[in-house]
Amino acid sequence: MKKFPSKSMLLIAYLATWLLATQSAYPLTIEHGTINVTEPFVNSTSLSLSPVTTSGVSIRTASNFGDYELTIDPPGSNNQGIVITTVAENSRDGVRYPTSSAWYGSSSFHYLISLHEPKRNSNVEDNANVAFAHFNYASYACGRAYNAAGTNGGTLDTFSGSAGISIGFEFVDNNNGTYTLDLTLFNRPERHSSLGVLLVNGAKNENNFALSRANADGTFTIYGHDNGDNGTVYEKDPVSFVYIPINTTKPQIKALGRIDGSGSKIISKGDFTVTKGSTNGTYYLQIPGHSNNTGTLLLSPEGGGSSNVDNTWSYEWSDALQAWEIHSRDTPPESSLPSTAPQHIPNGEPAFSFVFIGEERNILRVDPTAAPGGNGSTWTLAYQDLQSAIAAAGVRTDIWVAEGTYKPGASRSDTFQLKTGMRIYGGFPNGGGDGTFSARDSNPNTNNTVLSGDLDDDGTWAGNAYQVADASIAEQTSALDGFTLTMGSADGADDHQFGGGIYLNESTPTLSNLRIIHNQAILGGGMFMRGVSSPPEITRTPPTFTNLQFLGNRATGYGGGAAYIITNARPRFENCSFVGNSSNRGAVTDVNLTESTFSNCTFTANVDLSGSNAAGFYADLGAIPRIQNCIFWNNLGTDIFTMDVNPASANNLVQDGLAALPASVISTADPLFHTAPSAGDGDWTTFADNQFGNLSLTPSSPANDTGLNTALTTSTDLAGSTRIRNFTVDLGAHEVQEVAATYATIPASPA
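The rules behind these values
- Residues numbered from 1 in each chain as written.
- Predicted model: local features only at pLDDT ≥ 70, side-chain atom pairs only at ≥ 80, totals over all residues.
- Heavy atoms only, no water.
- Core = buried A, V, L, I, M, F, W, Y, C linked by side-chain atoms within 4.5 Å.
- Buried < 20%, exposed > 50% of the residue type's maximum accessible area, 1.4 Å probe, protein only.
- Contact = heavy atoms within 4.5 Å.
- Pairing = 2+ DSSP bridges.
- Helix = DSSP H or I, 4+ residues; strand = E, 2+ residues; numbered from the N terminus.
- Axes fitted to C-alpha atoms, helices over the stretch in contact; angles between N-to-C directions.
- Phe/Tyr/Trp six-rings, centres within 6.5 Å; stacked < 30°, edge-to-face > 60°.
- Lys NZ or Arg CZ within 6 Å of the ring centre and 35° of its normal.
- Polar contact = N/O pair within 3.5 Å; in protein donor to acceptor, adjacent residues only side chain to side chain.
- 1 Å grid on protein atoms, 1.4 Å probe; cavity = no way out; pocket = protein on both sides within 12 Å on 5 of 7 lines; lining within 4 Å.
- Points joined across faces, edges and corners; volume = space filled by probe spheres on them.
- Salt bridge = Lys/Arg side-chain N within 4 Å of Asp/Glu carboxyl O.

Another aspect to go through is the nonpolar core. Grouped together as the largest cluster of nonpolar side chains are 54 residues, with contacts concentrated most on Ile399 and Phe578. Apart from the residues within four sequence positions on either side, Phe578 is in contact with Phe550, Ala562, Phe573, Ala587, Val588, Phe598, Cys601, Thr602, Phe603, Thr604 and Asn606. Residues Phe135, Leu199, Ala255 and Ile267 belong to the second largest nonpolar core, which totals 39 residues.

Spelled out as structure tokens, the structure:
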């Protein structure tokens, strides 16, 4: 008979390991995010991390089909916690509903996330987007139980995890594919099953998943289940778990709950609602102030009832509903694939547990009308200038900026530097309004929050800051949102000749709701973006640029009046307008092995200064742009010049056609804007008389209802109006509305 240590010995061991754990140098925050997978799958380049992913996570190049390898920084963290996963899409093609598992690969110091199709004994891997979170042993009651010899179906005789949890006491293998977890031992009643949720996961590279049940005596039962076993047939295989109490004070835990089949809360923390859908097995989760862009959702199946004994769970975010759509599916009978329909869970029977993880962020406030001497902690104590807030900001800091005009400094080389992990939001009223984030107006046409390079206020480019904003050290966790960027003049040497409005160098920030107007540079008047010089070890998410307006910018060199994109860059522009920009090679110049995407963008009244290249879009030197649902109209010169176009380009309105890929052009007719742009004197570089028009479409526009819905990732257009009013998206940056876009004609003045 196997002998276990006495409880007194275990208590001494627990205290010793707890003391060591509290002195650990490993980060105690939750690293989390979502891996997005594109197909056809090639290699790790088909994987990217969602913008909300925390900065300590990276994808290893050894990743392959159905196996995604993660590292958590610093390196020592990779064996100091567990990873819990959830499939973050409800179906890839209507017949594939994989499960996900995660475990620590000690031989190469990483975590392996594996996805398998739900079919018995096939062990066939599959692809899907998958959410994940890393929980540190020192911060949460968590761990992994497994068989030390690696025996398939063997007794779980080894535990790696939090101090005070051991095999045979807190974790007991019941020898039938079920396990009892008692976290209340050693006088820990606060870990009662009624006081927290348990997230469980299969913890082996095999087609298994896990479920759990909260028992009345305070314990949990964990069930190991093969993907292809139907009903209460359980299997002995490794499992991982983490317990999170409802009274947690961890600021990253924004909401959690155990939900029954009716959508009712059994236990909960935070503000959220769950609505049971009209379709069986479908639920809608809404968390006020949160979305897939603010955090990561994890689901865990509840089991042990009558109908919930073998169900798997998945979710995906719905922009249209502003909710997570959650599905439950039954595991299939022997050798079958699961039903395509979600399965009903009866009212009153536990259905799933969830945790929503956001970021632990500091907030600093800026208001030029505030009293001097503030530290940014409240609107009353706001900084008066943005540079002071940027200097004080650390990683994971949001800066809320009230309306006003801000200068980067007194020297031409001064710039507003967007740092890694920093998010800067403009559009707040002076005084902060009601003090909440919803008080802001994100529309730069109306919020009057201006970053200006006009250091001497003379209204010309002479002596201005080279670059209004510099995002060259910003990564996917960085954001700039809700500003006008104006009067930068990158006419210097070295890097000071690039990107008068904003400069990006091997960086991947998220840019939204920006009006980039009246900037100049030698290359890239409004924006300059350089990708990585060689493929990096870590696969980075391509940057996303949404609702940007490039207005009246100029490049005096090779090209890129609005934007110059070069060297392996892979940006995505959506709902963007390019109006009155001038250069020798297009409003956008896209060169040197770039793979840019332009979806629902409008190019009009741009000027080809050379008279022989292109006014709207110029691509060369191995660039393969993807152009979808775009409008090119009334540009002064050729609309598009490109040596090659991504075959996925489709459904564009191009006035002079597109010889490189004519199949992508569906119309050459007048798009019928509400108001056409006008340079007044014909020169966009003389600012006072510029009118950039109202590019919203009239109801009779040929661009109405002719787009490609699959090219769209947003639910609103550039003006904030609802997309897809009549089942098919319109072309260009604006959806046809019954009434013209409310901001009317864009004024010339940047202030």
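Turning next to the sheet that holds strand 19 (residues 273–276). Strand order in the open sheet formed by four strands is 19-20-23-22, with antiparallel pairing between adjacent strands. The sheet is open, and its two borders are formed by strand 19 and strand 22 (311–318), each paired with just one other strand. Put simply, the sheet's adjacent strands are angled 25° from each other on average, direction ignored. In terms of strand pairing, strand 19 meets strand 20 (residues 282–286) through four bridges, oriented antiparallel. Bridging across to strand 20, Lys276 finds its partner in Tyr283.

Time to look at the packing of aromatic side chains. A complete count under the given rule lists 39 aromatic pairs for this structure. Consider the rings of Phe41 and Phe65, whose centres lie 5.9 Å apart with planes at 85°: the pair is edge-to-face. Residue Phe41 is found in the loop between strand 1 (31–37) and strand 2 (47–49), and its partner Phe65 is found in the loop between strand 3 (57–59) and strand 4 (67–72); the two are separated by 24 residues along the sequence. Among the residues examined, Phe41 registers a relative accessible area of 17% and is labelled buried. Look at Phe65 and you get partly exposed, because its relative accessible area is 35%. Seen in terms of ring centroids, Tyr283 and Trp313 are 5.9 Å apart; in terms of plane orientation they differ by 40°. Their pairing is tilted. Residue Tyr283 is found in strand 20, and its partner Trp313 is found in strand 22; the two are separated by 30 residues along the sequence. The same class applies to Tyr283 and to Trp313, which are both buried. Three or more aromatic residues link up through ring pairs in this structure, and these residues are Phe545, Phe550, Phe573, Phe578, Phe598, Phe603, Phe617 and Phe632. Directly above the aromatic system of Tyr146 lies the positively charged group of Arg144, at a separation of 4.5 Å from the ring centroid.

The next thing to look at is the environment of Thr369. Mapped onto the secondary structure, Thr369 falls in the loop between strand 25 (362–366) and helix 2 (386–392). Measuring from C-alpha to C-alpha, the distance between Thr369 and Trp379 comes to 10.0 Å, with 10 residues separating the pair along the chain. Discounting residues that sit within four places of it in the chain, Thr369 has contacts with Asn430 and Gly431. A polar atom in the side chain of Thr369 sits 2.7 Å from the side chain of Asp367.

It is worth spelling out empty space enclosed by the protein at this point. Inspection of every chain in the model, using the stated rule, returns two cavities of 30 Å³ or more. As a volume, the largest cavity reaches approximately 270 Å³. Every residue lining the largest cavity is counted, 28 residues in all, and those nearest its centre are Val87, Thr99, Ser100, Thr312 and Trp313. Taken together, the elements giving at least two residues each to the lining of the largest cavity come down to strand 5 (81–87), strand 6 (99–105), strand 13 (196–202), strand 14 (208–214), strand 21 (295–301), strand 22 and strand 23 (323–330). The biggest single contributor to the lining of the largest cavity is strand 22, with four residues. Considered as a void within the structure, the second largest cavity measures approximately 50 Å³ in volume.

What follows is about the pattern of salt bridges. Opposite charge on two side chains permits them to pair, given that their charged atoms come into close proximity. The full count for this structure, using the stated rule, is 13 salt bridges. With a closest N to O distance of 3.2 Å, Arg92 and Glu39 form a salt bridge. In this pair, Arg92 is assigned in the loop between strand 5 and strand 6 and Glu39 in the loop between strand 1 and strand 2, connecting sequence segments 53 residues apart. A salt bridge links Glu206 to Lys204, with the shortest nitrogen-to-oxygen separation between them at 3.1 Å. Across the pair, exposure class does not vary: Glu206 and Lys204 are buried alike. Three or more residues are tied together by salt bridges with common partners; here these are Glu39, Glu89 and Arg92.

Within strand 38 (residues 544–551), seven of the eight residues are buried, which leaves the element mostly enclosed by the surrounding structure. Across six bridges, the pairing between strand 35 (residues 510–517) and strand 38 is parallel. Across the sheet, the residue bridging to Arg515 is Gln549, located in strand 38. Looking at chain direction, strand 38 and strand 41 (residues 572–574) are connected through three bridges and run parallel. Residue pairing across strands places Thr544 opposite Arg572, the latter belonging to strand 41. Relative to strand 42 (residues 577–579), strand 38 runs parallel, the two being bridged by three bridges. By the bridge assignment for strand 42, Phe550 is matched with Phe578.

Here four strands make up an open sheet; going across it, the order is 2-1-8-5 and the pairing antiparallel. In the strand order of this sheet, the two ends are held by strand 2 and strand 5, each with one partner. Direction aside, neighbouring strands of the sheet carry axes that sit 25° apart on average. Pairing analysis gives five bridges linking strand 1 to strand 8 (residues 130–136), with the strands arranged antiparallel. Among the inter-strand pairings, Glu31 is bridged to a residue of strand 8, identified as His134.

For Glu190, the location among the structural elements is in the loop between strand 12 (178–181) and strand 13. Placed 28 residues apart in sequence, Glu190 and Gly218 show a C-alpha to C-alpha distance of 9.6 Å. When sequence neighbours within four positions are dropped, the list of residues in contact with Glu190 reads Leu195 and Tyr243. Of the polar contacts made by the side chain of Glu190, one reaches the side chain of Arg188; its length is 2.5 Å.

Glancing now at the pairing of strand 24 (residues 350–358). The two faces of the sheet receive side chains in turn, since in a regular strand these alternate between them. The element strand 24 is extensively covered by neighbouring structure, given that eight of its nine residues are classed as buried. The pairing of strand 17 (residues 253–260) with strand 24 spans seven bridges and is antiparallel. Along strand 24, the bridge assignment pairs Ile253 with Ile357. Where strand 21 and strand 24 come together, seven bridges link them in antiparallel fashion. Of the residues in strand 24, the one forming a bridge with Gly295 is Gly358.

It is worth stressing that arrangement in space is one thing and function is another; only the former is reported here.
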